[in-house]
Amino acid sequence: MAQNKISRVFVWIIMGLVMVGLVGFGSFNFGGSVSAIGKVGDTEISGDRYFRELNAQLNAFQAQIGERLSFAEAQSIGLDQAALETVINQVALENETARLGVSVGDEELAARIRDIDAFHGMSGGFDRETYNFVLQQSGLTAREFEQTLRSEVARTVLQGAVTNGIAVPPVYAEVLYGWAREARDFTWARLGPEALEAPVGTPDAATLAAFHEENPAIFTLPQARRITYAWLAPEDVIDDIEVSEADLRALYEARIDEYRMPERRLVERLVFGTEAEAEAAAAALETGDATFESLVAGRGLELADTDLGDVTEGELGRAGAEVFALDGPGVAGPVMTDLGPALLRMNAILPARETSFEAAREDLRAEYAADAARRLLQDRMIELDDVLAAGATLEDLANAEGMRLETIDWTGAESDGIAAYDAFRAAAESVAEGDYPAIELLSDGGLFALRLDEVVPPRMQPLDEVREDAIDAWQQAETLRRLAARGEEMLDEIEAGESPASLGLTEVIETGLTRDGFIEGAPPALVDRAFALEPGDWALVEDESGVFLLRLDAVIAADQDSEEARSVKQNFLASSAQTLALDVEAAFSAAIEADAGITLDQAMINAVNTSFQ
């Protein structure tokens, strides 16, 4: 029979998935009266089936992101459509199995049901009462479950028939692996300004004007959003904050642990399984047969695993007295700790430190005032928003409320001043002409409101505005142009017997560099060009970073027989075959869907969706 073409194990896995889908959700019916949401050919698309698939996709996505989605959010990212497409695909395959007469016999179906653990009783085997009870709890009849299972297995048989035997030729992986892991040995040298007979100098007026006109992109300001904003920062009101002596002393006492630091020591702790092991380790240290580092390595640890940082005597518990009895760096123990017998190495003594109230007074005052200023601005936020709501302008806020009033041509590249704040950047990007200004909060407690005055179109700056920048740009471009010309001359000289070294250049030799290799001080174009040359060939490589001479020395073929190569190629072939199989299956499903025809009842689909809202 057709079902014999699929392995027993694979069918068992499929049945497990069926049980998860049908039994795992408690009630089989989603609670509505919808029986079908459409058809593929002659096979109905069950509303319950769409409900289960949509519920499964929601749960899977929510488990992935760690938070609950509203159904509107799920629809916005297309989860409902993905669930519907999955169900249509499955029903299309089942419709095709029915048309072809692919089925699962009763004996085979019964054997598969007996294999499902959910139906096993206390004896460990299939139990009819357990079977009936599980189906009853799931809202299923035996007939419904068995028919669904029969369809699932038959569909899998058809899928297997479509995709079985799909494989990717090994030569495909070998060619790609050989291309990706091929390496190059090459020699390169950079041509710097010193390779020129003389510096390029300063352009005359006509040359500079022509350069400015021929390179408008360099001197054109991007489109900008001209924004006026009012800004009130905590430092703007900090001088108005009154701080009492009592407040400062209360803050000092609240932070006393920062100002009165007891003696601390830098300690590493190495714990052993038994006291005997700890004593043997201590003896080895004493005789010089071992070091603390070798003992740590012998325990299969890194020094970082033993590091306790800087600790007080109290924090070391029972080991504190011995460690703090050391006059300088050394090892204490063995001593019993909460984790067992241990050796403790003390590396440094951090003496006790006390900062008096008088010494901390100015820092405390600055901290207290800054915090008070932030609270003050938060209290004023609603008040200032009400002033704007009453019809005040940003200019009125500046005049009456002491806010700073400034204008910025915003392109998104700004990062100084208020442009460093994410809240301002977001508001500047989203504000539209005519928007009502609202008071918003900055991360440091400051307040701002902004208004879009106009959108300034791109503008080419006149030469008089950018003369110095234009001179710099011309010098860079002219230097690169002359270096490229000199590089061409050098290639001819190398052809005649010279070498980069004899021409005054510093040669750099690279060996075994792959296509994704990186060379500090050289552009990616250098590596790309090396892979386009034949051994012994020279080339000139130019980009905005400089000019380079390049010679390919050798091509190193990829090792196709290494353990890594075999593993990479095997995994690639497996994943490629799987991807190809999925593509073939998708194409087959699309073909049978088109051939059978799909009809959907949107009202019924909406009825199912309503149960999630």
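None of the values given here were measured: they were computed from a predicted structure. (Residues numbered from 1 in each chain as written. Predicted model: local features only at pLDDT ≥ 70, side-chain atom pairs only at ≥ 80, totals over all residues. Heavy atoms only, no water.)

Considerations on the overall build of the chain
Counting secondary structure elements, the chain contains 24 helices and 19 strands. Relative to a compact globule of 613 residues, whose C-alpha radius of gyration would be 25 Å, the chain shows 38 Å and is clearly more extended. Counting every position in the chain, which comprises 613 residues, the buried fraction comes to 38%. Across the chain, the fraction of contacts at a sequence separation of at least 24, relative to all contacts at a separation of at least 6, is 72%. If you sum the accessible surface of the chain, you get close to 33800 Å²; carbon and sulfur atoms cover 51% of it. (Helix = DSSP H or I, 4+ residues; strand = E, 2+ residues; numbered from the N terminus. Rg over C-alpha atoms; globule rule 2.2 N^0.38 Å. Buried < 20%, exposed > 50% of the residue type's maximum accessible area, 1.4 Å probe, protein only. Contact = heavy atoms within 4.5 Å. Areas by Shrake-Rupley, 256 points an atom, 1.4 Å probe, with all protein chains shown as cover.)

Some words on the confidence of the model for the chain
The predicted model of the chain averages 86 in pLDDT, with 94% of residues at 70 or higher. Looking over the chain, one finds the lowest element-wise mean pLDDT in helix α1 (residues 8–22), namely 43, and the highest in helix α9 (residues 205–214), namely 96. (pLDDT = per-residue confidence, 0-100.)

Points about the sheet that holds strand β18 (residues 546–556)
Hydrogen bonds along the backbone pair up the strands of a sheet, which may run parallel or antiparallel. The sheet built from 4 strands is open, its strands ordered β16-β3-β18-β17 with antiparallel pairing. Every other strand in the sheet has two partners, leaving β16 (508–514) and β17 (538–543) as the edge strands with one partner each. Taking the axes of each pair of neighbouring strands and ignoring which way they run, one obtains an average angle of 35° across the sheet. (Pairing = 2+ DSSP bridges. Axes fitted to C-alpha atoms, helices over the stretch in contact; angles between N-to-C directions.)

As for a negative patch on the surface
On the surface, Glu-488, Asp-492, Glu-495 and Glu-542 cluster together to form a negatively charged patch. The element best represented in the negative patch is helix α21 (residues 467–495), accounting for 3 residues. For Glu-495, the position within the fold is in helix α21. Owing to a relative accessible area of 70%, Glu-495 belongs among the exposed residues under this scheme. (Patch = residues over 30% accessible without salt bridge, like charges linked within 9 Å, V, L, I, M, F, W, Y side chains within 5 Å. Salt bridge = Lys/Arg side-chain N within 4 Å of Asp/Glu carboxyl O. Lys, Arg positive; Asp, Glu negative; His and termini not counted. Charge placed at Lys NZ, Arg CZ, Asp CG, Glu CD.)

Some details on the pattern of salt bridges
Scanning the model with the defined rule gives 27 salt bridges in all. The partner of Asp-371 in a salt bridge is Arg-375, with the nearest N and O atoms 2.2 Å apart. Of this pair, Asp-371 and Arg-375 both sit in helix α18 (residues 357–389), 4 residues apart, which is roughly one turn of the helix. The class of Asp-371 is partly exposed, set by a relative accessible area of 33%.

Observations regarding a nonpolar patch on the surface
A contiguous nonpolar surface patch, about 360 Å² in accessible area, is contributed by Val-171, Tyr-172, Val-175 and Leu-176. Relative to the assigned elements, Leu-176 resides in helix α8 (residues 170–181).

Things to note about the nonpolar core
By size, the foremost hydrophobic cluster in this structure holds 25 residues, and its most contacted members are Tyr-252, Leu-364, Leu-397 and Ile-439. Counting residues per element, this core draws most heavily on α18, at 9 residues. Setting aside chain neighbours within four positions, we find Ile-439 in contact with Met-381, Leu-384, Asp-385, Leu-388, Leu-397, Leu-447, Phe-448 and Ala-449. One finds Tyr-50, Leu-69, Val-87 and Val-91 within the second-largest nonpolar core, a separate group that totals 23 residues. (Core = buried A, V, L, I, M, F, W, Y, C linked by side-chain atoms within 4.5 Å.)

A word on the sheet that holds strand β7 (residues 264–271)
Strand order in the open sheet made by the 4 strands is β8-β7-β10-β9, with antiparallel pairing throughout. Only two strands of the sheet have a single partner each, and these edge strands are β8 (307–311) and β9 (330–337). Taken pair by pair, the neighbouring strands of this sheet meet at an average axis angle of 30°, ignoring direction. With 6 bridges joining them, β9 and strand β10 (residues 340–350) adopt antiparallel strand pairing. Residue pairing in the sheet places Ala-332 in a bridge with Leu-344 of β10.

Some details on the pairing of β7
Two faces, one strand: in a regular strand the side chains alternate between the faces of the sheet. The pairing of β7 with β10 spans 8 bridges and is antiparallel. Within the sheet, the bridge partner assigned to Glu-268 lies in β10 and is Arg-345. In this structure, β7 lies alongside β8, joined through 4 bridges in antiparallel fashion. Across the sheet, the residue bridging to Arg-265 is Val-311, located in β8.

Remarks on the side chain of Arg-265
Inspection of the secondary structure assignment puts Arg-265 in strand β7. Residue classification places Arg-265 among the buried residues on the basis of a relative accessible area of 5%. In terms of polar contacts, Arg-265 uses its side chain to reach the backbone carbonyl oxygen of Phe-324, at 3.5 Å. Non-local contacts of Arg-265, meaning those with residues more than four positions away in its chain, are made with Gly-309, Asp-310, Val-311, Val-323, Phe-324, Ala-325, Leu-326, Met-346, Ala-348 and Ile-349. (Polar contact = N/O pair within 3.5 Å; in protein donor to acceptor, adjacent residues only side chain to side chain.)

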